[in-house]
Amino acid sequence: MQTLLNQFVYFTFFQSLFLLGIYLFSKKNRKNINGYVAFLIFVLLLGLSGRVLYISEVFGKTHRLIAFSEFATLFFGSTVFLFTRSSLENRRFSLKDLIHFIPGVLYILFIVGYYMLPSREIIQEKVNSGELFKVVTLIIGISLIFNIGYWFFSLRYFLRFRENLKNELSYTVKTQFFLNFLMAIGLCLVVWLIIYFISIIGLPKIERQARQFIWLGIAFIILFISYYKMIAPELFKIKQVPVTKKYAQSKLSTSDLEKLKTQLEMLMQEKKPYLNNKLLKAELAEMLGLSNPELARLLNESIGMNFFEYVNYYRIKEFVSLAQNNKYKNLTFYGLAQEAGFNSKTTFNKSFKKLMGTSPSEYFNKELQ
């Protein structure tokens, strides 16, 4: 088991070195690697250096070198959060972001002062008295709370952003890869949390060994994402759209909204803008002569749907109409869905089932009976 762990350490170390070298010396690839991830790779490299020096016994087999690995612990969560936020909003680095790294810096200073600088005799006294175990248990607990908290903020930020897209876009964008990244990080943290509680009940050796694999697992995920960010940056490029402002200052009366509702329905029926599979809410608002916030108010208050649901409602109606037309009898269900304005088979199936309460095949089988 230890041999496997050592091989994993060496692999991750050289992978970190390779990716960081590309970031520093390749201007072309540097554009595709998020700066926050590059910073995390540097921190990982620093931590892995301690393990490599310990395994190779270049300076002897001293456990103080392994403490370098702990330097990255409190940088995981905050960097994942900043990476998520900057990727979704295309936000550049700001000096204000440095506040997220303060706990990590304080953590490093504590490790250096408490464990790395004191003499071997002082450390041994702390071990014998049980103080070291209590302190290590406490700081690991704090770091877990810190990282899980930031992971939760990252996931909530991502889900909220994805939900907001439905208020602006009539189609879905590819966000699954990004969600998988967050889920993988979350899984590692959950496993780490379980093992942490196991150590508290009296099995600290299991926690020490397992924590190394979890730590390296997170490192591997980060490196994997960094690699894909470099070779396939489009996986992380989510459609940027203007966010609708609150419509609290809208002067439209209830009667105005009713008139606009009728006009909007006529527009959808006569001009069929929903056939544009990349239709934006801003485009529909312009066709109706409204501002983006006013259309948002019209949809939410008078119709009870968001933009995504409203447009796909008309696309489903169009799909049913086409499916009943002999002119299109040679097309598959998805072919008909594309004709109706859908750009995703998954979106079509989900929208159809939500509106009709059944799948397209079941719906038309009932129609034929």
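Rules and cut-offs
Residues numbered from 1 in each chain as written. Predicted model: local features only at pLDDT ≥ 70, side-chain atom pairs only at ≥ 80, totals over all residues. Heavy atoms only, no water. Helix = DSSP H or I, 4+ residues; strand = E, 2+ residues; numbered from the N terminus. Buried < 20%, exposed > 50% of the residue type's maximum accessible area, 1.4 Å probe, protein only. Contact = heavy atoms within 4.5 Å. Areas by Shrake-Rupley, 256 points an atom, 1.4 Å probe, with all protein chains shown as cover. Core = buried A, V, L, I, M, F, W, Y, C linked by side-chain atoms within 4.5 Å. UniProt positions renumbered as here; feature names shortened; annotations may be inferred. Salt bridge = Lys/Arg side-chain N within 4 Å of Asp/Glu carboxyl O. Phe/Tyr/Trp six-rings, centres within 6.5 Å; stacked < 30°, edge-to-face > 60°. Polar contact = N/O pair within 3.5 Å; in protein donor to acceptor, adjacent residues only side chain to side chain. Expected span 1.5 Å × (residues − 1). Arc of directions from axis to C-beta. Axes fitted to C-alpha atoms, helices over the stretch in contact; angles between N-to-C directions. Parallel < 35°, antiparallel > 145°, perpendicular 65-115°, else oblique. Nonpolar A, V, L, I, M, F, W, Y, C, P; charged D, E, K, R; others polar. Patch = residues over 30% accessible without salt bridge, like charges linked within 9 Å, V, L, I, M, F, W, Y side chains within 5 Å.

Visitor: Explanation requested: the overall build of the protein chain in the structure shown.
Guide: Scanning the protein chain from terminus to terminus reveals 16 helices and zero strands. Residues classed as buried in the protein chain amount to 45% of the 369 residues present. Within the protein chain, residue pairs in contact and separated by at least 24 positions form 73% of the contacts whose partners lie at least 6 positions apart. For the protein chain, the exposed area adds up to about 20,500 Å²; of that, 60% sits on carbon and sulfur atoms.

Visitor: Help me out: how do you make sense of the nonpolar core in this one?
Guide: As a rule of thumb, soluble globular proteins bury nonpolar side chains together. In terms of nonpolar packing, the biggest core is built from 55 residues, with Phe181 and Leu182 touching the most fellow members. The set of elements that each furnish at least two residues to this core consists of α1 (2-25), α3 (35-56), α4 (76-89), α5 (102-116), α7 (131-165) and α8 (176-200). The element best represented in this core is α7, accounting for twelve residues. Other than its neighbours up to four places away in sequence, Leu182 contacts Val80, Thr84, Trp151, Ser154, Leu155 and Phe158. In terms of nonpolar packing, the next biggest core, distinct from the first, is built from 19 residues, Leu252, Leu257, Leu267 and Tyr274 among them.

Visitor: What exactly am I supposed to notice about the UniProt feature "transmembrane region" (unreviewed entry) in the protein chain here?
Guide: Mapped onto the present numbering, the UniProt feature "transmembrane region" (unreviewed entry) falls at residues 6-26, 33-54, 66-86, 98-117, 137-159, 179-201 and 213-230. Split by type, residues 98-117 is 75% helix and 0% strand. Its first and last C-alpha atoms lie 27 Å apart. Along residues 137-159 the backbone is 100% helical and 0% strand, and the end-to-end C-alpha distance reaches 33 Å.

Visitor: Can you help me understand the pattern of salt bridges in this one?
Guide: Once the charged atoms of two side chains with opposite charge are near each other, the side chains can pair. Evaluated as defined, the whole model comprises five salt bridges. The salt bridge involving Arg85 is made with Asp97; its shortest N-O contact spans 2.6 Å. Of the two residues, Arg85 sits in helix α4 while Asp97 sits in the loop between α4 and α5, which places them twelve residues apart along the sequence. Lys354 is the partner of Glu309 in a salt bridge, and the nearest nitrogen-oxygen pair spans 2.9 Å. Here Glu309 is found in helix α13 (residues 307-323), whereas its partner Lys354 is found in helix α15 (residues 345-356), with 45 residues between them in sequence. Judged by relative accessible area, Glu309 falls into the partly exposed class, the value being 29%.

Visitor: Explain the packing of aromatic side chains to me, please; I cannot follow it from the model alone.
Guide: The relation between two aromatic rings is expressed through the spacing of the ring centres and the mutual angle of the planes. Overall, the coordinates contain 20 aromatic pairs when judged by the stated rule. With centroids separated by 5.5 Å and ring planes inclined at 85°, the aromatic side chains of Phe83 and Phe181 adopt a geometry described as edge-to-face. Taken together, the positions of Phe83 in helix α4 and Phe181 in helix α8 put the pair 98 residues apart, joining distant regions of the chain. Note on Phe181: relative accessible area 3%, which makes it buried.

Visitor: What exactly am I supposed to notice about the environment of Ile139 here?
Guide: Position of Ile139 relative to the elements: it lies in helix α7. Relative accessible area serves as the criterion here: at 16%, Ile139 is assigned to the buried category. Between the C-alpha atom of Ile139 and that of Ile111, which follows or precedes it by 28 residues, the distance is 9.7 Å. With near-sequence residues (within four places) excluded, Ile139 lies in contact with Tyr107 and Phe110.

Visitor: I tried to follow the environment of Asn292 on my own but got confused; where do I start?
Guide: Relative to the helices and strands, Asn292 resides in helix α12 (residues 292-303). Between the alpha carbons of Asn292 and Lys281 there is a distance of 6.9 Å; along the sequence they are eleven residues apart. Among the polar contacts listed, one links the side chain of Asn292 to the side chain of Glu168, at a separation of 3.4 Å.

Visitor: Just checking my understanding: could you explain α5 for this structure?
Guide: A rise of 1.5 Å per residue sets the reference length of α5, with its 15 residues, at 21 Å; its end C-alpha atoms lie 20 Å apart and thus fit the reference within 8%. Every buried residue belonging to α5 is among Gly104, Tyr107, Ile108, Ile111, Tyr114 and Met116, and all of these are buried. On an axial view of α5, the arc spanned by its buried residues comes to 155°, and they lie on one face. Within α5, the exposed residues directed more than 90 degrees away from the buried face are Leu106 and Leu109. In this fold, the buried residues of α5 make contact with α6 (120-129) and α7.

Visitor: Quick question: what am I supposed to make of the packing of α5 against α7 here?
Guide: How two helices sit against one another is set out by the angle between their axes and by the gap between those axes. Interhelical geometry of α5 versus α7 gives an angle of 170° and a closest axis separation of 12 Å. Overall, the two elements α5 and α7 adopt an arrangement that is roughly antiparallel. In this structure, α5 contributes Pro103, Tyr107, Phe110, Tyr114 and Tyr115 to the contact, and α7 contributes Glu131, Leu132, Val135, Ile139 and Phe146. Looking at the contact of α5 with α7 residue by residue, the classes come out as nine nonpolar, no polar and one charged.

Visitor: Teacher, can you tell me more about a nonpolar patch on the surface here?
Guide: Taken together, the side chains of Ile99, Ile102, Val105, Leu106 and Leu109 present a nonpolar region at the surface, about 490 Å² in accessible area. By secondary structure assignment, the location of Ile99 is in the loop between α4 and α5.

Visitor: For this particular structure, what's the right way to read the side chain of Thr84?
Guide: In this structure, Thr84 sits in helix α4. When its relative accessible area of 0% is taken as the criterion, Thr84 is described as buried. Engagement of the side chain of Thr84 in a polar contact is seen with the backbone oxygen of Val80, the distance being 2.8 Å. For Thr84, the residues in contact, after removing those within four places along its chain, are Ser154, Phe158, Phe178 and Leu182.

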